[in-house]
Amino acid sequence: MRNRSGRLYTSTRALVFASLLGVISLLTGCSNFSVTNPGYFAAISSTATTIRVNQQLQIVNNAKITGVPLTFYVNGIAGGNAELGTIDSNGLYTAPAIVPVPNNITITSAATTHPEYPPGSLALGVLNPIPILTSVTPTGFSEGVTTVTVAGSQFVYGAQISWNGTPITTTFVSSTQLVASIAAPNPGTFPLLVTNPNPGSANSATAQVKVAPGQVAFQLQPQTGSDVRVTNSINFGLTVTGTNNTGVTLAINGVAGGNAQVGTAVSNADGSITYTAPAVVPKPTNVVQMTITSVDNPAVSINQNISVLNPIPILTSATPTTFTPNQSATVTLTGQDFITGATVLMNGTQVPTQFGSATTLTATVNPTESGNNFMDLQVQNPSPGPANSSDLIVDLQSTTPPAMSLTDASRFLQQATFGATDADIHNVSQNGYQSWLNAQFALPPTTIEPGVEQAVILNSLNPPCAASDVKCNAALFVQNSSDENYVQNAFWQDALSADDELRQRVQHALSEIFVISGTNASVQSMPRGEANYYDMLGTDAFGNFRTLLQDVTLNPMMGQWLNMLGNDKGNATTDPDENYAREVMQLFTVGLYQLNNDGTQKLDGSGNPIPTYSNTDVMGMAAVFTGFSWQIPGDTTEAGWSNCCQYVGTGFGEELLPMTSYPDHHSTVEKDFLGVTIPASSNPDPNGDLKIALDTLFNHPNLPPFFCRQLIEHLVTSNPSPAYVNRVATVFEDDGTGTRGNMQAVITAILTDSEARTTSAAVANPQYGKVRESLLRYTEWARAFSAQSRNGGYWLGSTEDPIYGLGEMTLRSPTVFNWFAPNYIPSGSSIWPTGLLGPEFQMTNVTTVVGYLNYMQGAIGANATSGPDVFASYGTELGLASTPTALVDRLNLLLMAGQMSSTLEGEIVSAVGAIDIPTGDQNAINAALAARVQTAVYLTLASPDFTAQQ
Amino acid sequence: MCKHDHTRRQFLRTASFASMAGVSASPFLIGLNSMAAMAQNNTAPDYKALVCVFLQGGNDGHGTVIATDPDSYAAFVQARSGAPGLAYPMSELLPITLQTPQSGRTFALNPYLTGVQNLFNAGRAAIVANTGTLIVPATKAQVNASSVPLPDSLFSHFDQTAAWQAIASNGGSAERVGWGGAVADLIEGMNMNSNSMFTCISTAGIALFLSGQTSFQLNCTPAGPIPIGGLAQPLFGGPAGTNALNSILSATEANLFAQEYEVVIQRSIQAQATLATSMLPAGAGGVPNPTQFLDPTSNKLMDNPLAASLQTVARIIGGRAGLGVTRQIFYVQLGSFDTHNNQAQLHATLLTQLGEALEYFDGLMTSMGIGNQVTTFTASDFGRTLTSNSNGTDHGWGSHHFVVGGAVQGQNMYGQYPVIGVNQANDLGAGRLIPTTSVDQYAGTLAKWFGLSDGQIRTVLPNFGNFGSSPYLGFMG
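Since the structure is predicted, the reported quantities are computational estimates derived from the model, not experimental observations.

Novice: Can you help me understand the interface of chain B and chain A in this one?
Specialist: Many analyses report the size of an interface as the accessible area lost when the parts associate. Each partner contributes to the interface: chain B provides 65 residues, whereas chain A provides 75 residues. Put simply, chain B and chain A have one salt bridge between them. The shortest N-O distance in the salt bridge between Arg432(B) and Glu578(A) comes to 3.0 Å. Here chain B and chain A share 23 residue pairs in polar contact (both at pLDDT 80 or more) between them. Counting residues per element, the ones that place at least two in the side of chain B that touches chain A are α6 (157–166), β7 (217–219), α8 (229–232), α9 (239–248) and α10 (256–278) of chain B. Classifying every residue of the side of chain B that touches chain A gives 25 nonpolar, 30 polar and ten charged.

Put into structure tokens, the structure is as follows:
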């Protein structure tokens with residue numbers, strides 16, 4: 001906006017200055033008054049020096065001569081103009097609509113009829129208007145970033161919205177509209193105003209804008225369930241969405257943060273929550289409610305029930321320790337963590353108990369003559385969370401002599417179980433091997449699949465699937481690679497606590513022969529399927545080998561692992577997949593070389609071993625294993641041939657059913673294998689062909705020695721004599737009733753054979769025995785000391801990590817050859833020149849030996865409140881810790897079947913004795929006793945002595 | 001299909017050099033410089049290392065190195081048409097030019113082997129064609145008639161792995177001594193290493209390849225050597241337990257198995273003490289971490305397990321001055337190449353890992369100043385069939401392999417690339433190749449470079465002489 005009267009303005013300014021002087025002289029009464037004095041005719045003034053746009057200001061006529069009309073000028077323009085503002089003949093100045101540039105204007109006045117007389121003048125600054133804020137849209141919003149429109153009027157370009165006192169980037173839309181993006185991280189009421197820029201910067205009125213809390217949502221994830229024993233802690237993961245303010249307040253049963261009666265809850269830095277149970281189960285109910293409330297929006301909260309359970313009692317000693325049958329006696333039991341209502345168990349049966357204190361109980365026992373020379377005492381704490389202490393074995397005078405020594409019984413159980421307790425050892429010692437075997441054969445299998453299914457459903461972060469929602473169920477059960485740890489935890493629960501000990505040990509050995517692994521993505525994505533495969537091995541462990549072979553062949557997990565599932569008949573450009581055909585022969589049934597019945601290799605005329613099969617046999621058998629895929633009951637459309645995951649829901653699924661046959665996909669060419677020919681046919685007969693193939697393998701003369709030798713290696717010794725193998729293979733061929741493949745008979749033959757049972761010969765032979773694989777060393781410890789799961793779920797997961805785990809885990813071997821091959825010999829070793837086998841050495845290297853030691857250190861040192869979930873209380877051992885020799889003797893029996901060398905024993909007794917037991921403070925005493933036990937147990941399990949099972 | 005940008009790989013390689021050359025205050029640069037200086041001050045300055053990269057499961061050689069002349073390529077496509085994704089379009093193959101042309105044909109690499117293509121074009125990689133386990137050279141007629149001795153249990157993973165790693169004189173699982181271990185036995189006898197404990201190192205558990213008669217192997221993971229907690233700190237109650245543990249772990253054992261187990265523990269203790277101070281750290285101040293690779297199937301960036309293994313090898317090589325070695329043999333493994341199923345996706349991922357890891361490792365060796373002193377070579381149980389089952393391929397025999405390093409006479413193919421097509425002279429059926437180069441020849445060529453005499457080589461490889469008057473293959477010059 002250019003001032004066209006610029007030059008005039010400048011000279012007028014000089015006049016103004018001059019006229020001011022004139023005015024001053026007038027006021028001071030100078031008598032030099034004349035018409036030439038400025039202001040005489042045209043003096044003007046105003047009440048203000050500034051004016052806002054569009055406003056009006058009356059210029060005051062201060063002329064000395066009244067009645068002289070004045071003409072007014074704005075910046076020299078008569079009457080002004082739109083840009084500078086207008087002024088009428090009465091001197092009413094109206095400011096322009098927009099501030100001129102520069103914004104100072106000069107109003108001058110001149111006597112209309114005497115323009116030669118000095119003019120009056122005054123200066124005005126034109127200012128921006130005061131903004132008017134009419135509305136804010138939206139009127140209120142949720143926390144976060146919101147685009148806000150401010151409506152009103154008198155907005156000038158450059159106007160800024162201020163939010164909560166801070167100017168924010170503002171978009172000028174028009175004089176009536178501004179837009180800005182407001183970041184409001186917290187709820188509340190906040191001032192918003194508009195500020196127009198200079199000249200004359202001014203604020204609008206303030207609007208108070210309400211910001212509501214975000215849509216806060218919680219997701220709580222129990223990490224180890226919601227049961228916790230007194231004084232223990234459990235963690236919950238917490239995810240807070242919908243707000244930047246993720247703070248929460250916690251209350252237990254309404255008490256902020258909880259207290260000593262109901263337990264306490266704290267938030268951790270990572271957002272998770274830790275609940276610590278009180279020292280005593282709360283009353284009247286052991287279930288406390290944890291309430292988590294959003295700080296951001298206190299209306300949002302969730303509840304989580306937590307069950308507080310009684311502690312696990314620790315039984316350390318009894319007085320007396322000898323009892324007579326049919327004589328009632330009072331026994332005093334000493335230990336820790338006994339709860340009012342605790343009951344003493346005699347051989348598993350409750351007996352009248354009187355509560356003394358947390359550390360003593362008395363009970364009345366009246367044992368009957370049962371042929372046993374021992375009694376098994378335990379303390380059982382009551383609900384909630386009933387739990388038994390470990391067993392305390394006391395003597396019972398009996399007329400029946402034991403069947404064998406305790407050490408022989410222990411040695412037997414090391415071959416036949418995952419590990420044995422004192423009670424197991426006494427049982428076998430008193431009643432003999434056969435009695436134990438019979439009882440074990442009669443026990444039904446424990447299965448893991450139902451528990452795995454439950455765990456998968458319970459721990460899903462998604463809402464439960466409707467039964468008809470195939471997609472949802474498929475995602476949960478057969479496309480779910482995140483839940484394999486439930487299979488592993490279920491394995492541990494059974495392995496460490498279930499009673500079908502013999503079956504489990506054989507089942508585990510079978511899983512190392514008929515290998516599948518979760519390292520295969522398809523297997524891993526089906527946790528129920530993986531669990532079901534393992535259950536099948538357990539069920540068939542005591543059946544017939546032919547059934548086992550069929551069940552393994554048709555299991556869809558094996559089908560995915562070795563590619564039989566969906567294996568199509570060949571055509572001009574493709575051949576059937578040979579993987580299963582090769583491995584079923586090489587690994588599962590007949591092996592690579594022809595064997596004599598005693599497991600030694602047959603040799604040809606030149607002294608070379610004779611292969612059992614050729615590639616032609618493999619190709620022939622591969623053609624048999626075609627046309628099998630997912631089973632969908634009732635399906636007639638062959639949908640299951642290439643399409644998994646359509647028949648799946650709670651309690652059922654394709655992955656749990658044996659594969660079924662699809663004749664269209666079964667090869668009809670001539671199939672030659674192992675001396676058998678299935679002629680070409682126009683009628684595909686998958687089931688018939690399969691039967692022929694499996695029967696051929698089952699009846700192959702190699703099978704008995706091949707399979708039996710491997711089972712002996714897994715249970716008893718790496719290098720059975722040929723005679724031993726022959727004896728067992730003979731039982732495989734005929735169990736005495738004409739039946740071939742009787743697993744129970746084979747197992748009995750292996751475990752009762754003199755080569756397994758004759759301790760003196762075994763111990764005297766430095767080449768007898770085997771390296772215990774690391775997983776079995778762990779389970780031996782866990783079972784011997786009745787290790788328990790702190791939270792009930794046996795949360796160990798996979799122990800396959802070679803540095804931080806055991807370097808081994810069931811159903812997780814890297815290849816189909818298991819963690820170690822049955823014929824492995826460690827080269828560069830002292831074993832190599834002997835020609836003996838040392839299979840378990842294949843998983844023994846400088847990393848895994850350290851991993852095992854460090855893992856066991858952590859496991860052994862765990863207790864009721866800290867360390868891995870599975871821990872031992874060492875009840876009886878604590879009772880012996882004051883007498884190191886007695887303690888180590890006990891470990892010798894439990895862990896090494898009495899074979900501990902005197903050197904080793906001396907070392908451990910010394911180390912234990914070097915730990916002082918203080919006096920006075922009971923906690924310190926308990927800690928020292930525990931340290932003694934842990935030291936002794938660790939040194940035993942760390943010793944190379946222990947590593948070899950003889 | 002995802003095709004890696006050749007120039008991007010180049011950039012990453014040079015970028016890593018630049019970052020080391022640029023910032024003079026880089027501790028890594030200083031560390032490597034001093035390492036190189038220390039290595040040169042060794043009494044036996046000609047350090048050499050062999051690195052065996054075992055492709056576990058049987059790598060499909062047919063799909064790794066492809067003949068692209070019209071006849072060969074047409075036969076390849078025809079044979080591979082039975083399974084999805086295996087008949088690579090010509091436009092996706094990575095062409096390579098041999099310095100010495102072979103049989104008038106052209107060749108290319110699998111689309112996912114950009115790393116190897118880079119190395120090949122830089123003259124730092126060579127192809128050894130149709131190599132496999134043999135006792136004597138064999139023709140198809142001889143194999144079918146079983147009229148020549150053959151390795152036992154062809155097409156069996158377990159036995160062919162043993163045959164590759166142990167050069168069985170009779171084949172298969174009968175042999176227990178790996179040729180790497182046998183070489184190490186000789187090396188230690190030649191006093192080239194003052195500490196024999198660190199001659200043979202595996203990052204993949206116990207490898208038959210490194211199992212010698214007198215030498216033994218250590219294994220090491222990316223976590224480095226781990227101390228025994230009970231020895232490093234007081235055990236439960238205090239020093240008495242730790243002292244007892246020390247005693248117990250070195251006690252005399254009567255039982256053979258206990259005795260051997262204890263040997264392993266003692267080795268672990270000794271090795272850890274030395275490696276802990278000598279082995280270079282991973283990442284800043286040591287050996288730079290490998291980049292992640294872009295998995296072609298999931299299109300996600302993922303950690304490269306082979307590169308991690310080779311980084312561990314490089315960390316040990318970088319610390320060799322403290323280990324007292326001038327000759328080392330390493331074993332790393334990548335699996336599973338047993339692609340009966342889903343070969344298109346699985347092989348793509350595996351070869352991406354292989355190519356990038358080989359390039360990364362070669363770069364590390366060069367930056368350590370020993371790029372001509374470390375030779376890496378691939379090995380595998382066997383190749384695979386040329387024809388497919390509906391989704392992959394089955395076990396084969398001969399396969400093509402790569403040798404990588406500055407001492408390699410690269411950008412060339414050694415051995416004879418077979419004629420591609422059904423019923424060819426070397427085709428035992430379904431494209432299972434009868435090898436025309438033996439593992440013995442492959443191993444002998446490497447061993448010669450490594451420093452063994454001809455006589456020593458023939459001791460380690462008893463069948464070496466069965467393959468002509470000069471069985472050496474020439475890829476090491």
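On we go from here.
Novice: Looking at this structure, I do not really get the pattern of salt bridges. What am I missing?
Specialist: Pairs may arise between side chains of opposite charge once their charged atoms sit close together. Residue and element names in this part refer to chain A. Under the defined criterion, the tally for this structure stands at 22 salt bridges over all chains. Between Arg582 and Glu578 there is a salt bridge whose closest N-O contact spans 3.4 Å. One exposure class covers both Arg582 and Glu578, and it is buried. Measuring nitrogen to oxygen at the nearest pair gives 2.6 Å for the salt bridge that ties Asp695 to Lys691. Pair noted here: Asp695 and Lys691 are both in helix α15 (residues 686–699), with a separation of four residues, about one helical turn. Given the relative accessible area of 48%, Lys691 is considered partly exposed. One network of salt bridges, in which partners are shared, links Asp422, Glu877 and Arg890.

Novice: Looking at this structure, I do not really get the sheet that holds strand β8 (residues 85–87) of chain A. What am I missing?
Specialist: By way of backbone hydrogen bonds, the strands of a sheet pair with one another, either parallel or antiparallel. Residues and elements named next belong to chain A. Overall, antiparallel pairing links the four strands, which are arranged β3-β9-β8-β7 in an open sheet. Both edges of this open sheet fall to β3 (56–58) and β7 (80–81), since each of them pairs with a single strand only. When β7 meets β8, the two strands line up antiparallel, connected through two bridges. Within the sheet, the bridge partner assigned to Gly80 lies in β8 and is Thr86.

Novice: Please explain the state of the cysteines as it appears in this structure.
Specialist: Disulfide: a covalent bond connecting the sulfur atoms of a pair of cysteines. All names here are of chain A. Taken as a whole and assessed by the stated rule, the structure comprises two disulfides over all chains. Disulfide partner of Cys644: Cys645, at an S-S distance of 2.1 Å. Across the S-S bond linking Cys644 and Cys645, the dihedral sits near 85°, which makes this disulfide right-handed. With relative accessibility at 15%, the residue Cys645 sits in the buried group. The cystine pairing of chain A, numbering bonded cysteines in sequence order, is 1-2, 3-4.

Novice: Looking at this structure, I do not really get the pairing of strand β19 (residues 188–195) of chain A. What am I missing?
Specialist: Looking down a regular strand, the side chains alternate between one sheet face and the other. Residue and element names in this part refer to chain A. Bridging between strand β15 (residues 160–163) and β19 involves four bridges; their strand directions are antiparallel. If you follow Gln160 over to β19, its bridge partner there is Thr195. Pairing of β19 with strand β20 (residues 207–212), which is carried by five bridges, proceeds in the antiparallel orientation. Its bridge partner lying in β20, Gly188 is registered against Val211.

Rules behind the numbers
Residues numbered from 1 in each chain as written. Chains lettered and ligands numbered in written order. Predicted model: local features only at pLDDT ≥ 70, side-chain atom pairs only at ≥ 80, totals over all residues. Heavy atoms only, no water. Contact = heavy atoms within 4.5 Å. Salt bridge = Lys/Arg side-chain N within 4 Å of Asp/Glu carboxyl O. Polar contact = N/O pair within 3.5 Å; in protein donor to acceptor, adjacent residues only side chain to side chain. Helix = DSSP H or I, 4+ residues; strand = E, 2+ residues; numbered from the N terminus. Nonpolar A, V, L, I, M, F, W, Y, C, P; charged D, E, K, R; others polar. Buried < 20%, exposed > 50% of the residue type's maximum accessible area, 1.4 Å probe, protein only. Pairing = 2+ DSSP bridges. Disulfide = S-S within 2.5 Å.

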